[in-house]
Structures are given as structure tokens and as C-alpha cells.
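Survey of secondary and tertiary structure
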Protein chains: 4
Amino acid sequence: MADYVNAPGRTHLFVPGPVNIPDQVIRAMSRQNEDYRSPAIPAMTKILLEDVKKIFKTTTGTIFMIPTTGTGAWESALTNTLSPGDRVVSFLIGQFSLLWIDQQQRLGFNVDVVESEWGRGADLDVLEAKLRADAAHTIKAIAIVHNETATGVTNDLTKVRRLLDTYRHPALVLVDGVSSICALDFRMDEWGVDVALTGSQKALSLPTGLGIICASPKAIEASKTAKSRRVFFDWKDYLKFYKLGTMWPYTPSIQMLYGLRAALDLLFEEGLDNVIKRHNRLGTATRLAVEAWGLKNCTQKEEWFSDTVTAVVVPPYIDGGEVVKHAWKRYNLSLGLGLNKVAGKVFRIGHLGYLNELQLLGCLSGVEMVLRDVGYPVKLGSGVAAAASYLSNTTPMIESRL
Amino acid sequence: MADYVNAPGRTHLFVPGPVNIPDQVIRAMSRQNEDYRSPAIPAMTKILLEDVKKIFKTTTGTIFMIPTTGTGAWESALTNTLSPGDRVVSFLIGQFSLLWIDQQQRLGFNVDVVESEWGRGADLDVLEAKLRADAAHTIKAIAIVHNETATGVTNDLTKVRRLLDTYRHPALVLVDGVSSICALDFRMDEWGVDVALTGSQKALSLPTGLGIICASPKAIEASKTAKSRRVFFDWKDYLKFYKLGTMWPYTPSIQMLYGLRAALDLLFEEGLDNVIKRHNRLGTATRLAVEAWGLKNCTQKEEWFSDTVTAVVVPPYIDGGEVVKHAWKRYNLSLGLGLNKVAGKVFRIGHLGYLNELQLLGCLSGVEMVLRDVGYPVKLGSGVAAAASYLSNTTPMIESRL
Amino acid sequence: MADYVNAPGRTHLFVPGPVNIPDQVIRAMSRQNEDYRSPAIPAMTKILLEDVKKIFKTTTGTIFMIPTTGTGAWESALTNTLSPGDRVVSFLIGQFSLLWIDQQQRLGFNVDVVESEWGRGADLDVLEAKLRADAAHTIKAIAIVHNETATGVTNDLTKVRRLLDTYRHPALVLVDGVSSICALDFRMDEWGVDVALTGSQKALSLPTGLGIICASPKAIEASKTAKSRRVFFDWKDYLKFYKLGTMWPYTPSIQMLYGLRAALDLLFEEGLDNVIKRHNRLGTATRLAVEAWGLKNCTQKEEWFSDTVTAVVVPPYIDGGEVVKHAWKRYNLSLGLGLNKVAGKVFRIGHLGYLNELQLLGCLSGVEMVLRDVGYPVKLGSGVAAAASYLSNTTPMIESRL
Amino acid sequence: MADYVNAPGRTHLFVPGPVNIPDQVIRAMSRQNEDYRSPAIPAMTKILLEDVKKIFKTTTGTIFMIPTTGTGAWESALTNTLSPGDRVVSFLIGQFSLLWIDQQQRLGFNVDVVESEWGRGADLDVLEAKLRADAAHTIKAIAIVHNETATGVTNDLTKVRRLLDTYRHPALVLVDGVSSICALDFRMDEWGVDVALTGSQKALSLPTGLGIICASPKAIEASKTAKSRRVFFDWKDYLKFYKLGTMWPYTPSIQMLYGLRAALDLLFEEGLDNVIKRHNRLGTATRLAVEAWGLKNCTQKEEWFSDTVTAVVVPPYIDGGEVVKHAWKRYNLSLGLGLNKVAGKVFRIGHLGYLNELQLLGCLSGVEMVLRDVGYPVKLGSGVAAAASYLSNTTPMIESRL
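The numbering scheme is per chain: residues are counted from 1 as the chain's sequence reads. Each chain takes a letter, starting from A, and each ligand takes a number, starting from 1, following the order in which they are written. In keeping with the predicted nature of the model, local features appear solely for residues at pLDDT of at least 70, side-chain atom pairs appear and are counted solely at 80 or more, and the whole-chain, interface and lining totals rest on all residues. For side-chain calculations, the full set of non-hydrogen atoms in the structure is used, while hydrogens and water are omitted.

**Section: the interface of chain C and chain B**
- Any pair of residues with heavy atoms lying within 4.5 Å of one another is described as a contacting pair. Taken together, the contact pairs seven residues of chain C with seven residues of chain B.
- Looking only at chain C, the three residues that lose the most surface to chain B are Arg27(C), Arg31(C) and Gln32(C), adding up to 74% of its buried area.
- Within this document, salt bridges are pairs made up of a side-chain nitrogen of Lys or Arg and a carboxyl oxygen of Asp or Glu, the two lying within 4 Å of each other. At the boundary of chain C with chain B, the tally comes to zero salt bridges.
- In protein, a polar contact means a hydrogen-donor-capable atom and an acceptor-capable atom, both N or O and within 3.5 Å, with residues adjacent in sequence counting only if both atoms are side-chain atoms; elsewhere, any N or O pair within 3.5 Å suffices. Where chain C touches chain B, the interface holds two residue pairs in polar contact (both at pLDDT 80 or more). Once two parts are put together, the accessible area they lose, assessed with a 1.4 Å probe and summed over both, is termed the buried area.

Pasting the structure below:
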């Protein structure tokens, strides 16, 4: 049953998560359980916690690796820092920010929603107005996605920090970095982020299973008085076991730990900055292909272009869902659906994680054939040519092979 | 670094979780990510949900497979069925019931704790008194562990049901089946359990990563009005996606789904009743060995004997922690520590999951050597002989090989 | 050290062997050793032997799966059917036929070599002349490669049979099917082939390790009197153990057997004829790309075009070896070198095994970038467009996903 | 079908080959094919060849890692050093020496067989007589198994060397080290061995697939004039490719190379001498158990005791084959059958490869139960006690865990 949808050759996985896992990671995870109370697992965990800090670019943050998903990581970020009724300024710019806002509301916060048209970034002018008006500091936190996965929009977090500094506003900055961290430039300490989080199945290129949260000292301080009820997601329990040295309040996935070790080793070997450059290269190439096809990027301005996912707007006579279905049914190509407001109007190409140029070009070539199949008059090879032309000028030699 | 504690040959894993994973499951999980929004994963999920019901022995229950641990499954069981302030009768008989009670208190319930000496089962006489006295039905739920992993005590759940029936009491019955389900006889429907839960890394013999919850129609009904704040653990979101047919409110672990498929296939091939018999066989053999060594079982009465874990009481002059440490350091044998009140006083042998007779005998032989090493005058071979004598009379032929 | 040449993303493996292994096969092989004398392995082997016959399209042949490579399979074919001094007509059309001829000479046969220009097929007119002249039947065997991997030339085996029939010549027909069987149309019984052989790492898409030989009843008969000294490769030992039912004269690789099982399951699920069509599709697409690039196929006539490997002739001012080196060093793309007479003059694209359209298009796009990098003025996208245009018209829907 | 003989828990694999593979090795081998003509594989191969020398304790030898089995390695040793008609003194002491002699005869050598009763070692007095009588040096080689796997007999190779030195005899010494190298003390250079060989599935603890041969300079010299016909097994081709730096005359198994790398890493981490001590410990423990059961070791004298396999003589009223069958059918325990002359009279316990104390004790406990099941009045626990008593005094602490 597991393979009843089998097709020859590799599945071309280009959804914006879960993403392609390196073979090294699959191998590292192909493993027995171990006693997590033996000395080995805490020792390993300690090193992991230190190394994970590097992907957040923090030296002062505290890492929590919770056996959960991004949704759980969101919940952990909120409930540990806020109390019911607290005012949170939150930006609605696509399906994932919408879901986070829904969570914030259900957890009892007073959510002050700043909405943008889907395809645009967070409206930071509105934020400025709110901060200016909030001399009383009723705003306890600003919740913002770094990269909205539904529309392929990257927000400028440095501006958020600048505004807070300008108005000397003490609000916490909570960042959903699910489709950004390890792929886009992100700097916890430099940018004054208080909580940032990601999920293992995104740019870290692991299976789903770890919600990874990084909390600033200020966030840790806030967690001591935050009144949201929580146990599973409570940082306090982690901090207690960190202190004890046994590290885990409950059973971690041994396999995910070894997988994370392997994933970090690969990241560091390539160099985090090179990884970010690679994502920029693949993102740019994708956008050039979209342009060559005569299609529009859902992202309305260059300043918001996302290097991890591109939402491609289809003409009104084409159903974006049909593109995705057809890609899977004929070419073994997995693309992302348009969600909610942009359902049917876009399809998405995820280009994050452990991926290289020729994989992307194969995907783009597949998209061209799919577009033609569903009735869009694309010139076959046009997008690939545009992308390849750029990649041929920018792809570096593989350092380990020189 | 991952292997810095390497030792020749297999690690003998006899902690009561995480347990030994079948090779078939490790293989099934050694796999790429997939788009969980393609038709394949929902189709697979639907079949899994039906099959998981069988391990709870239910036809009317609803299954939730949440990417979390047992602790998260606990939280899901409580927050979906209860509102802050609700009165819960809870039995404290060891470290895991204690942790669950701590969770209940932190989540804001009014917990009516019934404590027993560690090594004894839940005091159901006290429960009876409370039910008798509760004509007003202030008790909203009874929370009980089926098997206390810290002391190796199995509670008689049928008695709980009988008492509720006798007093026509509508309280929900919430059961922690973490170290029982798939190993001990458990019957959701027949016993009138309202919520039962387990973790993937226990008798299901998977890695950590799935909290599996089964809710009766009455529990589902209760979830509609329960006021505990929850999002990640909210059944409502699952029920919504079940209805939509896309099945997942957020990204599941593809690998865990395939692993679960393989684990269930193995369980059904062996036959759930045969699996339970095998656990009884291994539990009995272990107890006979303990007796032969002249040591005491932490479990005070036969009625509470656990077929999944045995806590062995060491003489006062021996440190149970030393037994565990030594086993790992000299014989590559992982045993369970004594926890909290019984720390140092016991060590634990986990005999649950995908395990056979000769594996257990190797472990028992190792325990004998360890005991001698730490200064207990055990007769080498005595426990193995007692266990083997029993196993030699009771182990069935392997059906597939006849 | 194993990974010191690591590069992000997948390696694009387009050498004509070893080829891409399906994940299902890698999983099936990720496994412990087993006692090959238990009843399980012989039972499994018997079924495998029957199933392997299907890939040779034979019902009368006998299969030998020898733990060796294609070179060993060659030796087995020769030494079991011929005696030193026997006259063998052999066709030299490229590096692999050359190596086989070298082996034939070193094993003491009287090799009558028929040479063609590299890039042309076996000269069957010369064969006809020799057969006509050989009333005395001094020719004991005809040795021919079905597909010359060095030049991408497929010989017409039906013609060989026709000639033998015409001249009522009893010579054995020994066929190297290393880069053809499971990818090109091959019919042991219908074409009257006496020995055919392949290696596991070719179109079967396994690791190296099995030399698979199929012998006709006439070949088996010949083996009874053939005087070439042999033990490891002797069919007699296999036949003896087949008769005993224990099947193996010496230890097989347990992992390769399970891998072969998985590989055959995939082949049969897709359908052998569909597999052959897929190879034709990918081969045709590759040739169209080559044409679009303005380059020449090493294969001189369409009748010899190979659907498993294409040797692309580079202009004199380009070094084919440089193309291969550069592809690997910049784009993580493995192409085949030109060998011996065509060293430097060609590079090769292997398009056999478990491979699909988008993988090939990714490769072709990579080749375009490489060509430009090494100084050939290719129009980026041109080959991909030509290939995609053809594929877009011919690729069937994936049956399992309809 | 692959799993139709499935049984719960681990299979206890105690045949003398193929043996238990470390998880690290299985993981390392769970991998895609690679282009063996890229720079990576030759670079890796060179290091492997150097490291493999260490397991032979040679600095002057040349290693050949041929994709074959032990039988192929035998053939390689013989055909590269000898010419048809050459006189070889060969010792028949059990089934494997018998098979090697059969091969020697079929390859056309003049085999001078020295037979011993099965259970005894090679009769070196007869060798001495032959050497003394051979002033003309008609003896070209002495072929001897270091450890006869069928009877559990280890020959003293130092004595062979002493005799040759005494009589200044130039005969080559060809050693089958299949069930000894990496487990028993073996010293190529110090003992003046000319060709030694093993198979990957024995003490190296890999899958079947590599025949590993080590040739002394004198053996290499002999290979230049040896007239046995050979191609696949010809060292000349390897030497040519070693010189070219591309290392492989034909396609190696990429997976086996990575597996070998991992296996060697584990061996060197433990320390080859510690590995040998571990085998001695497990061998001794097994023999103590046999004694405690009141059974006889097939090996007639202590000087020949084998630390890799023990052949246990059963009483006349017991069928050794029944022991093996029953172990597999009831306890998931794989033991070795008695072969040929000792068929039915013995069963064998293989205790070589990646194995530790508790695994062996589990096996011994299983053997006790089997013996009782088939009607031998064994005292359960007796063998385990004897073995554990010894192991408890001799097993070192695990260094990496101190």
C-alpha cells in the first residue's frame, strides 16, 4: 500500500516543506533507539544545542528542541512569553500568518491584526503608527513571519527592530522563521529578535519532528511571569533538565538527534553563508524562469522576493490546482498548491533545503511541460534557458572537488 | 561524536522505552520526505487510523496521531475533555503518575490525588468512597495509568469501570496506556475507557514522535465544550481535516507514518493476542529470575505484576544506579534507573516491544554478572535457569517456520 | 573521508553504469546477514530464478546468479561452453567488445575478430561470409555485445540468428547484454540466443555484485563437454545445488538477493515493456538534444542508436574528458568518459536504469552549461527544449496515480 | 515473500558466516551508486588498500579486493601463483579444506593430499617428511586453511614456516584465512605467508561480496610466470590499474567499499588485538559451556581449539541437524549444521565477527533449551553459568564509556 503511487525514477520534491533530505541524514537516522538517560544522549544534546545557536546567529539565545512541528513551536513561543489578554500586533499576509493569528486568538491573546494584500509584505508603516501611539506599552509582542510560505514574501525584520528602537518600545519580537532559517539571512542577536523558531522539515532538510525555538534572555525573563497555561511546551521544564544535565524532560527522538547532527555537519561543511547564497541563486533562477514564461510572481515587489519559495500566478483560465495535480500525475513532480485566498490562482515552487542547480532546472523544465499540458502557451525551454543563463554565470565550483 | 561511546556488538536495550525497533520498521523509515498534501499521504493515513483502532480494541473510538510524545498525548487527553477548575480524581503510584498529576495541576484542574505506596496499585477503595460520596457528580474525570512504568505496577481498569457503573457515575475515564497498549491486554470499548493514549516509542516499537490518542464518542462530545485553551493539541483541527479528507492540520512525519505502517503489519502478522502472550511470557520469566536471585520485585502483589517492566529492589548496601551504570559500562546493557522515591533502591528491566526469549535471557545473564560485579552474591546462571525453565515449557514454535 | 567530495543536493548520476538505484532497493538491502542455509534463502532463491527468466524473455533458459561483475559473467559464459582452441567469431566495435575479446584470447580461444569503425555496429556481412565459408563448422561460437557501452551502438541480434539459420550453422550465440537487458528489447528464446548475461549494476539498477547469466538448453549441453578449466564460474556446481534444493555452492550476498527481489518487483509493476518504452523515450530525447546542440552522435547510423547510452562527439577544439571533469566539479553531474580510441573525442550520457524524464532534463540542462563553460557555443535551453518537446508529447500519465 | 519466515525480535545469528553486521556498516552501505571513475572512488580505494594491509599484519604485501566470495579468492590465490601440473601439498581436515582441494584438482594441479581425521589439525609431521624428501623442490606450494570452519580447528601456521625454513624449501605458503583473519592472530609478514585470503562476510562482518587477497612479493613474482588461465581473477589487471591510479579493472561495489571503510574504522577503533582477545574470550566461554553441558568439542586437542567456531558433538541418539532446525524454528536462533563426514554428528556455534558477551550468553541459553527439546538431558543454566563465570572475570570495561 505504501508504494501504490509509485512511479519510475526519483520524485521531484519542490513543495516548500517537507523538503529533500540529504542521503547522509537519512543514513544517520536509520538507527535503533537508545536509552536517552545514558550519558551519551545528554552529551550529544549539549553539543547540538551549542551548534544550533549558530543557525540562529546567536550567542546569547537559549535553544529548545521540542518534539513537535512548526505549529507547536509557534505555541511554545507564545505561551512562554505572554499571558492571556496580552496585546500582540500580528501581520496577516498569507495563509501561514493567518494560521498563527488564529492560534494567537484561540490562546486568548488580544491580537491586533495588521492585514496586507496577499503578495505584499507586512505593513510596517501601520506598525510604526501603532508603536508611536503606544506610549503606555500596551503592545506586549510583535508577531511576524520572516517568510510567508503561502505567497513567497520575505519581510524585512531589521526594520521592525529599527522601529522598536526608534520608539524605545519594549515589545517582544516573535519571529516565525519556519521557511527562512538556514536558508535566508537571519540574525537573532544583531536584529534583536526575542523568539525565533523553525521546524526540522524545512531548510534544515530533516523529517518533521523537531520544533526548534531560540529565546533571547529577555524572552527567557518574560517566560518566568507569563501566565499562559502550558506543560508540554513549557520552557521551564527544559531549563530544569538543562541544569540537571540530563537535558530532556521527556523522551526525545534519538533518530532526529542523529539526523540533526548530520544536517548541521553538512550545513557547516558547506558554510551557512554559502547555503544562503545557494538559496539566493536558486530563488533568482526561479524568478527568471517565471518571467521568461510570461507569468507573474505572486510577490508584488522585489523587496519581498523570497529565496525559499516562489508563488507563480497563473492566468485566469488556468487552475493552479490543476498544475499541481498534473505535475504529480504525469511527471512525478511535487509542487505546492495555492492556499485559501490564492487557491487556484497560484502554484508554488519550493526551492529550499538540500537542493542544487540541476535539480531545480529539471523541475523548471517539468513546470514548462505541465504548463503546456494545462493549456498555457509556454515556449518549452524558455524558463530553463533564462535560469541556466543566470546559473551558468553564478554557480561556484564545488570546493571539495578542486 | 555520535559514536564516541561505541562498544562491540549489539547494545542490549532493556529500558522501558524507547524500546527495540524491528529492522523492518527501521528500513521502512529510511526514506525521503514526501508532499503530505499529495493524494498518497491522506489515503495512507485513513487506513492507518482504521488499523490503529485495533490496537485499542475499539470500533467506536476516534484516533489522533499527534507529532508529540507521551507527555503531549497526556496534555491532549486533558485539555480536550476538561475545563480549568474541573475536578479530576488521579492516582499517584509512581513517577509517571506523579508527572501526569503535576501536569493536571499546572493545567488548572482541581486534582483530587489518591496516593498509594510506590509498588502498590491505585487504591480503588478510595475511588469507590469518592464516587459514593459524589452524588452531585463533581468528579469530571478519573485519570489513571494502566501501567506505572516506574514501579512496574499494572492497575485493574475493569474495576474502575465496574465502580462507575455501580454508582452510575458519568465521570470520564482517562487512561495513560503508554507502557501498556500493544503489550498488555487493553480493551477500550469493552472497558468503557473514554480516552486512552500511548507513545510510539513504547510497545509499538517505533522511534519517539507520535502521541497516539483514542477518544470515545463521549470524550469527543466533551471536547466540544471543554474550555481548556489549546491549539496544537486540539482535536477540533484534526476532526476538521478528517472531514476535508486531507487529514492533517499540520505537517506529519512521513517517516513515522511508514514506520507505523510497518509496525502494525508486524503486530497483525504476529497477532495482537500473541503479542500480549509474548509479553506475559517474558514478564513471567523475568520475575522468576528475580526470585531465583533472591531479590524482591518492587511490585508488592501479584495482582499488580507488570508484563512490560520489572522494577527489581536491590539490598540496602547496593546502589541501583550503580547497577545501571555498570551494566552500560561493562556489558553494553541498558537498564532503567530507579526514579524519585525509589531512586537507588531499584533498577528496572524493560521487557516490552519487539523482543524475544533469547534476547531476554542474554539480558538476564548480563544482570547476573552486573549484580556480582557490584557486590551482590548472586549465583551466576540461577536466574537464567529459572527463566529458561519456564520459557522452555511455554515458548511456541514460530508459526511461519513450520 | 568517504564524503570528502561532498556537494549540496543530489549527485546527478548519468554514467552508463553503475546507475541510479531506486530507494525501494536501497531500503530492501539495508539489512543484516542471514544464514543462507536456512530454508528461507533457498525458497527465496527459487522464486528469484523463475522471475529472472522473465527479464531474458525465456522459459527454457537456466539462470546463474554469480557473485561477480560483468567481466566474471563473460568468463562464465565462455568457459562453460567452450574449450581452449575453439574458434570464436567476435566483433570489435568499441572498448567493451575489445575487452571481451581480450578475455577470449587470454582464455585460450582462437578468436576470429571482425572489426568495425568505432561508432558502427557489428559487421554482419563479414559474419555471413564466414558462416558461408564454414561448412566444416569450425566456428564454435559467435560472441557479440548487444549494446556497446563505449560508443552507444546497439547491434541487431535477430540478424545474427537469421544468418545462422540460413546457413544451418550450429555455432553458439553468446551475447553480452550488460547495457541492454532490462532496458532494450531482448528475447532469449525467440532470437535463439544461447548465453546472455548482464550485471546487476546496469539496467537492473542494483549495486554491483551479481553477474547474471542465462543459458539455453544447448548451452547447458555444451557445458558438459567444455574443457575450459573453471571452478568458481562453473555452472556444474550451481546445477548440483539446484538439484539438492540448497541452491548455492557458496555464500551469496543476502543483501543482493533482497535487492534483486525489490528491483524485479519494481520492474514487473511498471511492466517490462513499459520499461523498454521509457528507455526509448529517454534515448530519443537525448538524441534530439544532441542534435539541437549542433553536435554529432558517435553512433553513425540510426539503426544502431542506443536507448541506454549516447556518446556525444565534441568538436576537435574541445576535450571530452574536460566536459566530464567539469560537470562533476561544478554541477555535481557524473557523465561517462570517452574510452580508448574515442578518448577525448566523446563524452557519454548514460540514460539507463531507474530514471525519469525530469531527471534527464536536469542532466541535459547541466550538459548545456558545461558545454558553454568549456567553450562550445551552445544555446542554453536548446537541447532541453528539443527533448522536452518530444517528451511532452510522449510521456504517459503515471498509471498508479490516475 | 521476503519476510515470510518472520519471527518477533532479533534473529540470533550464530553461524560461522555470514556473520552479524554492525549497524554502522549497514548504515554506511545504505547508499546510492557512484561513478567509480570519478576521482573519489580511486582516492578512497587507495586508502582502503593501505588499511586492509593492517588486518593481514603486512607492510610488504599487495592487496586485491575482488568482487567475489571466498571460493573466488581461493581460485585467485591458486591461478595467479601456480601452473597446471604444479605439485601442491594440501591438508584435508574438514569440509572447507576438502572443497579447496577439489578446486585445486579441477584447476589441474597435482595435489598431494595429507588427510587427518576430522577434528584434528593438519598433520605437519607428514609435511615435514615430504619436505625432507623433496630435495628437488617439486613441491611448488603448500595450501592450508588457518581455521577449518567445519570442525573448529585452528592450524599452527608458525610451524609450517619453521619447517620450510628448516629445509630451506622455496614452496609458496597459501593460506585460507576465511574464518580466521580479523578474529584470530594472523601475521602475514612475520609468519612468511605468501598468499592469504578472506571473505568480507566473515570476521570483517560485512555482507558477502569481497574476496580479499594479500600477496607477498614472492607471490607477486610467481604470478608473472604462472600459466593458469585467468582473466577475472588475474592480479595483473589489478596491478595495471593500480599503476594507472584508476584502481579498478572493472566495476566495484560502491556500497561494499563504504561498508569496508566503516568496518575497518570499527576494527581500528576497538584495536585489532582487542578484537582478537574478544574472540578468544567468546571462544573460551563457549567451550566452557559445552563442557558444562557434558558434551564433547569436535576439536580433539586444545592446541587446535578455534576461537571463531565451535563444533559440538551430539550423542549418537541426537541428530545435529535436528538441533539446528529446532533452534531456528522455535528460538529464532541460527546455528551451523554439521557437514559431510560430521553431518548429523555435530552442530556448530559460530562466534566470530561483531559480537559481544551478552549476545553469546543469549545464544548459549538458547542452545540449552534446544538440547533439552531434542532429548538431551541438559541442566538449564549450566552452560550459561560456566560461560558467565569466566566472562565475568575477563570482560574488560568498555573504554569509550569510562
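**Quick notes on the interface of chain B and chain D**
- With 53 residues of chain B in contact, the opposing surface of chain D contributes 53 residues.
- When the two sides are added together, the surface that chain B and chain D hide from each other amounts to roughly 4900 Å², 51% of it contributed by carbon and sulfur.
- Residue Arg10(D) pairs with Asp23(B) through a salt bridge whose shortest N-O separation is 3.5 Å.
- Taken together, the links from chain B to chain D amount to 31 residue pairs in polar contact (both at pLDDT 80 or more).

**Concerning the UniProt feature "binding site: substrate" (unreviewed entry) in chain A**
Residues and elements named next belong to chain A.
- Using the residue numbers shown here, the UniProt feature "binding site: substrate" (unreviewed entry) corresponds to Arg 348.
- Helix numbers and strand numbers start at the N terminus; a helix is a DSSP run of H or I with at least 4 residues, a strand a run of E with at least 2. Mapped onto the secondary structure, Arg 348 falls in strand β15 (residues 346-350).
- Residue Arg 348 is classed as buried on the basis of its relative accessible area, which comes to 6%.
- Excluding residues within four positions of it along the chain, Arg 348 makes contact with Phe 14, Pro 16, Phe 96, Thr 149, Ala 150, Val 309, Thr 310, Ala 311, Leu 335, Gly 336, Leu 337 and Leu 339.
- Side-chain polar atoms of Arg 348 contact the backbone oxygen of Thr 149, separated by 2.8 Å. UniProt positions are given in the numbering used here, feature names are shortened, and annotations may be inferred rather than shown by experiment. When a residue's accessible area, from a 1.4 Å probe over protein chains only, is under 20% of the maximum for its type it is buried; when over 50% it is exposed; and in between it is partly exposed.

**Quick look at the sheet that holds strand β9 (residues 195-199) of chain D**
Residue and element names in this part refer to chain D.
- The criterion for strand pairing is that DSSP finds at least two bridges linking the strands in question. Strand order across the open sheet formed by seven strands is β2-β10-β9-β8-β5-β3-β4, with mixed pairing between neighbours. Across the chains shown, the open sheet's two edge strands, defined by having one partner strand only, are β2 (62-66) and β4 (110-115). Across this sheet, the average inter-strand angle for adjacent strands is 20°, counted without regard to direction.
- Note that strand β5 (residues 139-145) and strand β8 (residues 172-176) share five bridges and pair parallel. Its bridge partner lying in β8, Val 145 is registered against Asp 176. Orientation is described by lines fitted to C-alpha atoms, with helices fitted over the stretch in contact, and by angles between N-to-C directions that extend from 0 to 180 degrees.

**With respect to the packing of helix α13 (residues 382-394) of chain B against helix α12 (residues 357-373) of chain D**
- Axis separation between α13(B) and α12(D) bottoms out at 10 Å; the angle between their running directions is 45°. When the axes of α13(B) and α12(D) are compared, the pair comes out oblique. Crossing handedness for the pair α13(B) and α12(D): right-handed. Where α13(B) approaches α12(D), its residues Val384(B), Ala388(B), Ser389(B), Leu391(B), Ser392(B) and Asn393(B) are matched on the opposing element by Ser365(D), Met369(D), Arg372(D) and Asp373(D).
- Here the contact of α13(B) with α12(D) is composed, by residue class, of four nonpolar, four polar and two charged. Roughly parallel means an angle under 35 degrees; roughly antiparallel means over 145; roughly perpendicular covers 65 to 115; every other angle is labelled oblique. Each helix crossing is assigned a hand: it is left-handed if the near helix lies turned anticlockwise from the far helix by less than a right angle, otherwise right-handed if that turn is clockwise. When residues are sorted by character, Ala, Val, Leu, Ile, Met, Phe, Trp, Tyr, Cys and Pro go into the nonpolar class, Asp, Glu, Lys and Arg into the charged class, and all the rest, Gly among them, into the polar class.

**Remarks on the sheet that holds strand β14 (residues 336-337) of chain D**
Residues and elements named next belong to chain D.
- Here four strands make up an open sheet; going across it, the order is β11-β12-β15-β14 and the pairing antiparallel. Two strands in the sheet have a free side with no partner beyond their single neighbour: β11 (296-297) and β14.
- One ladder, built from two bridges, connects β14 with strand β15 (residues 346-350); its direction is antiparallel. Bridge pairing links Gly 336 to Arg 348 in β15.
- Across the face of the sheet, helix α10 (residues 272-292) comes into contact with β11, β12 (309-313) and β15 while running at roughly 10° to β12.

**Concerning the domain arrangement of chain A**
Residues and elements named next belong to chain A.
- For the purposes of this description, domain bounds are those given by an automatic or database domain assignment. What the domain assignment lists for chain A is domain 1 (12-16 + 271-401) and domain 2 (23-268).
- For domain 1 and domain 2, the distance between their C-alpha centres works out to 27 Å.
- Taken together, the contact between domain 1 and domain 2 spans 26 residues of the former and 32 residues of the latter.
- The interface formed by domain 1 and domain 2 holds two salt bridges in total.
- Measuring nitrogen to oxygen at the nearest pair gives 3.2 Å for the salt bridge that ties Glu 115 to Lys 341.
- Between the two partners, domain 1 and domain 2, sit 18 residue pairs in polar contact (both at pLDDT 80 or more).
- Ranked by residues supplied to the side of domain 1 that touches domain 2, first place goes to helix α10 (residues 272-292) with five residues.
- For the side of domain 1 that touches domain 2, the per-class residue count stands at 13 nonpolar, eight polar and five charged.

**Brief notes about the UniProt feature "domain: Aminotransferase class V" (unreviewed entry) in chain A**
- As annotated in UniProt, the feature "domain: Aminotransferase class V" (unreviewed entry) corresponds to residues 15-291 of chain A in the numbering used here.
- Helix makes up 44% of residues 15-291 of chain A and strand 16%, and the two end C-alpha atoms of the span are 20 Å apart.

**Considerations on the nonpolar core**
- Grouping buried Ala, Val, Leu, Ile, Met, Phe, Trp, Tyr and Cys residues that are joined through side-chain atoms within 4.5 Å yields what is termed a nonpolar core. The biggest cluster of nonpolar side chains holds 212 residues, and the ones touching the most others in it are Phe56(A) and Phe56(B).
- Excluding anything up to four places from it in sequence, Phe56(B) contacts Ile63(B), Ile181(B), Phe186(B), Arg187(B), Met188(B), Ala196(B), Leu197(B), Thr198(B), Ile212(B), Ile213(B) and Cys214(B).
- Leu267(C), Val88(D), Ile93(D) and Val160(D) belong to the second-largest nonpolar core, a separate cluster that totals 210 residues.

**Here we look at the relation of the copies chain B and chain D**
- When chain B is fitted to chain D, the residual RMSD is 0.0 Å, and the transformation amounts to a turn of 180° plus an axial shift of 0.0 Å. Here the transformation between the copies is reduced to the relation of a two-fold axis. The C-alpha atom lying nearest the rotation axis in chain B is that of Gly362(B); the distance is 1.9 Å.
- Most of the interface of chain B is mirrored in chain D, where 100% of its interface residues again form contacts. Superposition of the copies used a least-squares fit over C-alpha atoms from residues whose pLDDT is at least 70 in both.

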